[in-house]
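Here is how the chains run, residue by residue.
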Amino acid sequence: MATTRLIPMHVIKGQTVAHTVHERLSYAINPEKTNSGQLVKAYGCEPETAAGEMLLCKKEYETYIGRGEEKKSDIVLYQIRQSFKPGEITPEKAQEIGFELAMSFTKGKYQFVVATHTDHAHIHNHIIFNSTSIDHTQKFRNFFGSSEAVRKISDKLCLENGLSIIEKPKQGPSHYGKWLGDKKPLSWQEKLRQIIDAVMAQKPADFDTFLKLMMESGYEVKQGQHLAFKASGQQKFTRLRSLGEGYSEDELRSAILGKTVHAPKAKVPYRKNPDKINLLVDIQAKLQAGKGPGYERWAKVFNLKQMAQTINFLTENNITDYETLVEKTKAATDRYHELSQQIKDLEKRMAEITELKKHIINYAKTKEIYTAYRESGFSGRFYEANAEDILIHQSAKQAFSLLSAKQIPAMKNLQLEYQKCSSAKKSLSADYRSMKNIMKQSVIIKNNVNLIMGASCPEDKKIERVL
């Protein structure tokens, strides 16, 4: 019974568009929820740099319309939440269906990320797409009946893949977890972990005894290259190695022999970095905007914590003059934008290579037809019978005429160049992610120093006033 929701995502209160985009995507692609990031797929961007690429698209849109779009009420992203019935689908198939849903609904006009979460009994997709189109000329406008359109596409895809759907869905904000109630059924993996924990608590004398106790608990044992178990009603065996740390055959054998201690897996909640430095709140501006005494008390405590972290950062990095801070911030920002542009240039070249390869293939396929057309004296009758191939051939020739090189590159060389671009992009993406964090922190620190010292700082002032 697959369910869907379409959720507009506004700018987070008190934050920027950039912060909102990074925050929303970070939650979706959390490695602990997506099998170490293996269940994340993107369109129009790379999963690792999706936030930066979406923000670049928004900047280009602002240039196109001639004004900024960063408003509190503005919608910067949309999310489609798609949940499936427990035990009915694999994570890989769920992601495949989610990608098809996203592509069908956005018609390929908007960048999107599909993150399949497996941390609950019901496998579900977080499909987040940019509110700004890839060609940065328009924004997605939520239309009347859009949620119904999403549901119909999802139902069609589920039926095509033999999955159940809700025949008469109730309209409302509830997600699939609510439909299941407070006590959601456990996944097969979670059930197997619990049984193993219970059996290990009985302290079996040896591994054969452990297997015997597992069978007495209702599990079928499959011994081979990978030890696996299957419960009654389960379709496929679950391998021990898929259960995570502490549940492999070697680890269980070691615990049974008394060499180590078996500890049940504790669910570790995903938490943000507690040492993260945030922007100070402009309390007076908030009070003038209508915030009350309660908010003022909270903001004062929040600002004190951020001021302490800001000062610690300056002290640890031996930054005592404002000019140095400005230079470091500018250097980080420039490097970030430089890496962003390099990645965009590589992607552009990769797209050009893909297009050129297509024309080369089309040219070769239609060469004989076009030669016959030319030999017929460009006969109108021949053209009518072979119009599609002739137009494809002419399109390829036109593309070749635009090349700066005199000779058409060999397919092998184009493939090698594409691989080099792809490899360079992967390498730059790692630097991009690292520099993004450095730039973000530097900008926040500089803005906090400005607020602490009272508005904009002349470059000859010393940060020692803060310290």
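What counts, and at which threshold
Residues numbered from 1 in each chain as written. Predicted model: local features only at pLDDT ≥ 70, side-chain atom pairs only at ≥ 80, totals over all residues. Heavy atoms only, no water. Pairing = 2+ DSSP bridges. Helix = DSSP H or I, 4+ residues; strand = E, 2+ residues; numbered from the N terminus. Expected span 1.5 Å × (residues − 1). Bend = angle between axes of the 7 residues up to and from the residue. Salt bridge = Lys/Arg side-chain N within 4 Å of Asp/Glu carboxyl O. Buried < 20%, exposed > 50% of the residue type's maximum accessible area, 1.4 Å probe, protein only. Axes fitted to C-alpha atoms, helices over the stretch in contact; angles between N-to-C directions. Left-handed = near helix turned anticlockwise from the far one by under 90°. Contact = heavy atoms within 4.5 Å. Nonpolar A, V, L, I, M, F, W, Y, C, P; charged D, E, K, R; others polar. Phe/Tyr/Trp six-rings, centres within 6.5 Å; stacked < 30°, edge-to-face > 60°. Lys NZ or Arg CZ within 6 Å of the ring centre and 35° of its normal. Core = buried A, V, L, I, M, F, W, Y, C linked by side-chain atoms within 4.5 Å.

As annotated in an unreviewed UniProt entry, the protein is Relaxase/mobilization nuclease domain-containing protein from Sinanaerobacter chloroacetimidivorans.

A. A look at the sheet that holds strand E8 (residues 238-239). As summarised here, the arrangement of the three strands in space is E6-E7-E8, forming an open sheet in which the pairing is antiparallel. Of all strands in the sheet, those with a lone pairing partner are strand E6 (219-222) and E8, marking the two edges. Of the strand pairs in this sheet, strand E7 (residues 228-231) and E8 are connected by two bridges, and their pairing is antiparallel. Within E8, the position partnered with Ala228 by the bridge is Arg239.

B. Seen up close, helix H11 (residues 322-375). Relative to the 80 Å expected for 54 residues at 1.5 Å per residue, H11 spans 76 Å between its end C-alpha atoms, a close match to the ideal helical length. At Thr366, H11 shows its maximal kink, close to 50°.

C. View of the pattern of salt bridges. Taken as a whole and judged by the stated rule, the model has 15 salt bridges. The shortest N-O distance in the salt bridge between Glu160 and Lys156 comes to 2.7 Å. With Glu160 and Lys156 both in helix H4 (residues 146-160) and four residues apart, the pair spans about one turn of that helix. As far as the burial class goes, Glu160 and Lys156 line up, both exposed. In this structure, Glu347 and Lys425 form a salt bridge, with 2.9 Å as the shortest nitrogen-oxygen distance. Placement of the pair is Glu347 in helix H11 and Lys425 in helix H14 (residues 411-453), with a sequence separation of 78 residues. Residue classification places Glu347 among the partly exposed residues on the basis of a relative accessible area of 22%. Linked through salt bridges whose partners overlap, the residues forming this network are Glu46, Glu347 and Lys425.

D. Representation of the packing of helix H1 (residues 17-28) against helix H2 (residues 50-65) in the model. Two elements in contact, H1 and H2, have axes separated by 9 Å at closest approach and are oriented at 145°. You can see that H1 and H2 cross each other, and the crossing is right-handed. For the pair H1 and H2, the contacting residues are Val17, Ala18, Val21, His22 and Leu25 in the first and Ala50, Ala51, Gly52, Met54, Leu55 and Lys58 in the second. Within the contact of H1 with H2, the residues separate by chemical class into eight nonpolar, two polar and one charged.

E. Layout of the packing of aromatic side chains. Counted by the stated rule, this structure contains 20 aromatic pairs. Note on Tyr78 and Phe140: the rings are 4.9 Å apart at their centroids and 75° apart in plane angle, and the pair reads as edge-to-face. Remark: Phe140 occurs in the loop between strand E5 (124-133) and H4 and Tyr78 occurs in strand E3 (residues 75-83); sequence separation between them is 62 residues. For the residue pair Tyr78 and Phe140, the accessibility class agrees, reading buried in each case. Each residue in the set Tyr78, Phe105, Tyr110, Phe129, Phe140 and Phe143 is aromatic and connected to the rest through ring pairs, giving one cluster. One residue, Lys41, lies across the ring of Phe99, its end atom 4.4 Å from the ring centre.

F. Up close: the nonpolar core. Within the largest apolar cluster, 25 residues are counted, with the highest numbers of intra-cluster contacts made by Leu6, Ile80, Phe84, Ile89, Phe105 and Phe129. At the level of elements, E3, helix H3 (91-106), strand E4 (110-117), E5 and H4 are the ones that each hand at least two residues to this core. Of all the elements, H3 adds the most residues to this core, at six residues. Those residues within four positions of Phe129 in sequence are excluded, and the remaining contacts are Leu6, Leu77, Tyr78, Ile80, Phe105, Thr106, Tyr110, Gln111, Phe112 and Phe140. Ranked by size, the runner-up nonpolar core spans 19 residues in total, among them Leu213, Met214, Leu243 and Ala255.

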